[in-house]
Amino acid sequence: MTGMIRAGHAYFTYDDEAEVIVNALEDVSLEISSGEFVAILGHNGCGKSTLAKHFNAIFTPYRGDVAVNGINTKDEDKLYDIRQNVGMVFQNPDNQIVATIVEEDVAFALENLGVPPKEIRERVDEALRTVGMYEYRDRAPHQLSGGQKQRVAIAGILAMKPQCIVLDEPTAMLDPKGRREVMKTIKRLNRDEGVTVILITHYMDEATQAGRVVVMDRGKILLDDEPRRVFSQVELLKDIGLDVPQSTELIYELRKAGFPLPQDILYPEECVDALQKLMEGRYGNH
Amino acid sequence: MLKDITIGQYFPGNSLIHRMDPRMKIVLTFAYIIMLFVANSMFGLLVGILFLIVTYGISKVPPRMILKSMKPIVPIILFTAILNMFFVSGTPIVEFWIFKITREGISLAIFMLVRIVCLIAGTSLMTYTTSPIALTDGIERLLGPLKKIRFPVHELAMMMTIALRFIPTLIEETDKIMNAQKARGADLETGSLIQRAKALIPILIPLFVSAFRRADELALAMECRCYKGGEGRTRMKILHMGLPDLFAALFMTICFAGVIVLNILL
């Protein structure tokens, strides 16, 4: 199945009544297929969160359309179908946990959907195991670390069995350890469970782990390609105030200084290999 | 420091009373309160004390916890006792100036004192053995029939749950703001009462702003998880009455009957 989420020439604005309309989204067209891992990049205020909120009908475009599985997000009768299919995880884990016990919180969405109690129990346990938080099911949220809380929040979405999870800067408030935990969980969901993942981030190293990177600037989609090709456009990215991964940056500067290096280096290991090759070529093998 | 505050006074355990259905515990607590007020003699109250000894014994809540729950109401207990002692007419024992202490006064004072102590100990047992979340759950289901007259039962329970959930978060936040303001030279500990109250303003305002922001985000997250009010909602944990509940109800009934019989006989 392709084209699970489809945005066609979508426009959105926050200030309907203002005379000069400032578009938060401007002519955004995007198609995301089932099973993809897409990272959406951009600096603050570029419209990436706004776009994410279109994917599960929190916002609807004033011009153009967004459709999930062929259902237009403006169709209010199907609102809960859409929200169940496209789950959303936010930045601050504290502000999305509703219940005072981990497992009760994971059950929250299923209770809302009217799932029978026995099935809720099974799906909650399964979701908690998937994110590796099963042992913490009886704890209170405030006893957990940031990364653990965020994983509970992910489990709460996962229990709905969505086809797609949208994560809006899920690691922005976490320490490095929490970030690693959450990224590992997200990658595993995509790889092992076949969940479509849309990761909104401003960390470059997180974006490099996706299969596709969408770069946004001022409400428009600027680049939409695989990470290697996106990050090889170092100058363009720097122009709109974005960084590139550290290894890419290093190679870029070296190339500028005249060293013969390949252009599309993305990961640290590749960088090491390329540099080693360069040194061997130049100084011989010691 | 602020983090160590516990919510409610739940005393975790796994006794028969802990495992009882919260609905039954609430109902029985009310029955116990009524029983204490029905009892019109010291012997009736003895039944109440007996009930407490048995239930606290089963619950394994240490008796020093009773003293702890008594602490805040010591002034009320003393006030009631003294009032009763001086203002009940009867055969005087001691007389000085315009005061006189009567035999009836003393016995009534003791009677009232025992009654209040039993009342607090009994209700405390419920909160000691029931977690706040179970209590909320029990209240929601007990009030269930009121939904028919459009009483917002689910909404109230939801508000209680969210409040319980956010108390530790907001306490932590208060702590952070206090430290931030202290780092900027705010003086929170000295000065007159009015000065100290004024010093709280720079703490309360950021706290409120952040609480509203949190509420906004929480509402959004709840919507994303298909929250649409209480209608058509199911629950993961189903409350069910078991054998302990039956025995507890039976024991309560026997005690209550005993009190009524004592009332009639004496």
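Notes on the structure in this doc start here. (Residues numbered from 1 in each chain as written. Chains lettered and ligands numbered in written order. Predicted model: local features only at pLDDT ≥ 70, side-chain atom pairs only at ≥ 80, totals over all residues.)

### A word on the overall build of chain A
Short version of the rule: By definition, any uninterrupted DSSP run of H or I lasting at least four residues is a helix, any uninterrupted run of E lasting at least two residues is a strand, and each is numbered from the N terminus. For this measure, only C-alpha atoms enter the radius of gyration; the expected value for a globule follows 2.2 Å times N^0.38, where N is the number of residues. The exposure scheme places C-beta atoms from the backbone and then counts, for each residue, the other C-beta atoms within 10 Å of its own, assigning buried at 20 or more, exposed at 12 or fewer, and partly exposed in between. Each residue is represented by a C-beta atom placed from its backbone, and any two residues with such atoms within 7 Å are regarded as in contact.
Per the secondary structure count, chain A includes 11 helices and 10 strands. Relative to the 2.2 N^0.38 estimate, which gives 19 Å for 286 residues, the radius of gyration of chain A is 21 Å and therefore close to what a compact globule would have. Projected onto the principal axes, the alpha-carbon positions of chain A cover approximately 70 × 55 × 35 Å. Looking at the 286 residues of chain A, the share that counts as buried comes to 47%. Long-range pairs, those at least 24 residues apart, make up 62% of the contacts in chain A with a sequence separation of at least 6.

### Brief notes about the packing of helix H3 (residues 102-113) of chain A against helix H5 (residues 146-158) of chain A
Residues and elements named next belong to chain A. Applied cut-off: Orientation is described by lines fitted to C-alpha atoms, with helices fitted over the stretch in contact, and by angles between N-to-C directions that extend from 0 to 180 degrees. Helix crossings fall into two classes, left-handed where the near helix is turned counterclockwise from the far one by less than a right angle and right-handed where it is turned clockwise. Amino acid classes used here: Ala, Val, Leu, Ile, Met, Phe, Trp, Tyr, Cys and Pro are nonpolar; Asp, Glu, Lys and Arg are charged; the rest, including Gly, are polar.
Two numbers describe how H3 lies on H5: the axes approach to 7 Å, and their chain directions differ by 35°. For H3 against H5, the interelement crossing comes out right-handed. Between H3 and H5, the contacting residues are Val 102, Asp 105, Val 106, Phe 108 and Ala 109 on the first element and Val 152, Ala 155 and Gly 156 on the second. Partitioned by chemical class, the residues of the contact of H3 with H5 number 6 nonpolar, 1 polar and 1 charged.

### Considering the environment of Thr102(B)
Residues and elements named next belong to chain B. On the secondary structure map, Thr 102 appears in strand E2 (residues 99-102). What makes Thr 102 partly exposed here is the crowd of 19 C-beta atoms within 10 Å. Residues Thr 102 and Leu 220, 118 residues apart in the sequence, show an inter-C-alpha distance of 66 Å. Residues within four places of Thr 102 in sequence aside, it is in contact with Val 88, Ser 89, Gly 90, Thr 91, Pro 92 and Ile 93.

### Describing the sheet that holds strand E7 (residues 164-168) of chain A
Residues and elements named next belong to chain A. Let me state the cut-off plainly: A pair of strands is labelled paired if DSSP reports no fewer than 2 bridges between them.
Strand order in the open sheet formed by 6 strands is E6-E7-E8-E3-E9-E10, and the pairing between neighbours is mixed. Edge strands, defined here as strands with exactly one partner in the open sheet, are strand E6 (86-89) and strand E10 (220-225). Taking the axes of each pair of neighbouring strands and ignoring which way they run, one obtains an average angle of 20° across the sheet. Both strand E3 (residues 37-41) and strand E9 (residues 212-217) contribute to a ladder of 4 bridges, which runs parallel. When the sheet's bridge partners are listed, Ala 39 is paired in E9 with Val 213. The sheet contacts of helix H1 (residues 48-55) involve E3, E6, E7, strand E8 (196-201) and E9, and relative to E8 the element is tilted by about 155°. Sheet strands touched by helix H6 (residues 176-192): E3, E7 and E8. Its angle to E8, the strand with the most contacts, is close to 150°.

### Re the pairing of E8(A)
The side chains of a regular strand alternate between the sheet's two faces. Residues and elements named next belong to chain A. Among the 6 residues that make up E8, 6 are buried, leaving the element largely enclosed by the rest of the structure. Here E8 shows no split at all, with Thr 196, Ile 198 and Ile 200 on one side and Val 197, Leu 199 and Thr 201 on the other all buried. One ladder, built from 5 bridges, connects E3 with E8; its direction is parallel. Opposite Phe 37, over in E8, you have Val 197 as the bridge partner. Examined bridge by bridge, E7 and E8 share 5 bridges and lie parallel to one another. Considered in E8, the bridge of Cys 164 is made with Thr 196.

### Some words on the environment of Gly13(B)
Residues and elements named next belong to chain B. Relative to the assigned elements, Gly 13 resides in the segment before helix H1 (22-38). Gly 13 sits 117 residues away from Thr 130 along the chain, and the two C-alpha atoms are 9.5 Å apart. When near neighbours in sequence (up to four residues on either side) are disregarded, Gly 13 contacts His 18, Ser 59, Lys 60 and Thr 129.

### Observations regarding the sheet that holds strand E4 (residues 63-68) of chain A
Residues and elements named next belong to chain A. Taken in spatial order, the 4 strands line up as E2-E1-E4-E5 in an open sheet, and their pairing is antiparallel. Because the sheet does not close on itself, it has two edges, and the strands there are strand E2 (23-32) and strand E5 (71-72). Across 5 bridges, strand E1 (residues 5-13) lies against E4 in antiparallel orientation. Paired with Ala 7 across the bridge in E4 is Val 66.

### Remarks on helix H10 (residues 243-265) of chain B
All names here are of chain B. The following threshold applies: Here the expected length of a helix is defined as 1.5 Å per residue gap, with one fewer gap than residues.
Given a rise of 1.5 Å per residue, 23 residues ought to cover 33 Å, and the 33 Å separating the end C-alpha atoms of H10 matches this to within 8%. Taken residue by residue, H10 has Asp 245, Ala 248, Cys 255 and Val 259 as its buried positions. Buried-residue contacts for H10 involve H1 and helix H2 (42-59).

### Observations regarding the interface of chain B and chain A
Taken together, the 24 residues of chain B in the interface contact 34 residues of chain A. Counting residues per element, the ones that place at least two in the side of chain B that touches chain A are helix H7 (153-183) and helix H9 (201-224) of chain B. Considering every element that reaches the side of chain B that touches chain A, the biggest residue donor is H9(B), with 7 residues. Across the side of chain B that touches chain A, the residue classes break down as 13 nonpolar, 4 polar and 7 charged.

### A word on H2(B)
Residues and elements named next belong to chain B. For H2, with 18 residues, the first-to-last C-alpha span of 25 Å sits near the 26 Å given by 1.5 Å per residue. Check the buried side of H2 and you find it contacts H1, helix H5 (103-129) and H10. Trailing H2 by a residue or two, Lys 60 shows a phi angle of about 60°, which is positive.

### Regarding the nonpolar core
Residues and elements named next belong to chain A. The criterion, for reference: Buried Ala, Val, Leu, Ile, Met, Phe, Trp, Tyr and Cys residues whose C-beta atoms connect them within 7 Å together make up a nonpolar core.
Core analysis: the biggest nonpolar cluster contains 89 residues, and Ala 155 and Ile 198 have the highest contact counts within it. Here the element with the most residues in this core is H3; it accounts for 7 residues. When neighbours within four sequence positions are excluded, Ile 198 is seen to be in contact with Ile 32, Val 38, Ile 40, Ala 52, Phe 55, Cys 164 and Val 166.

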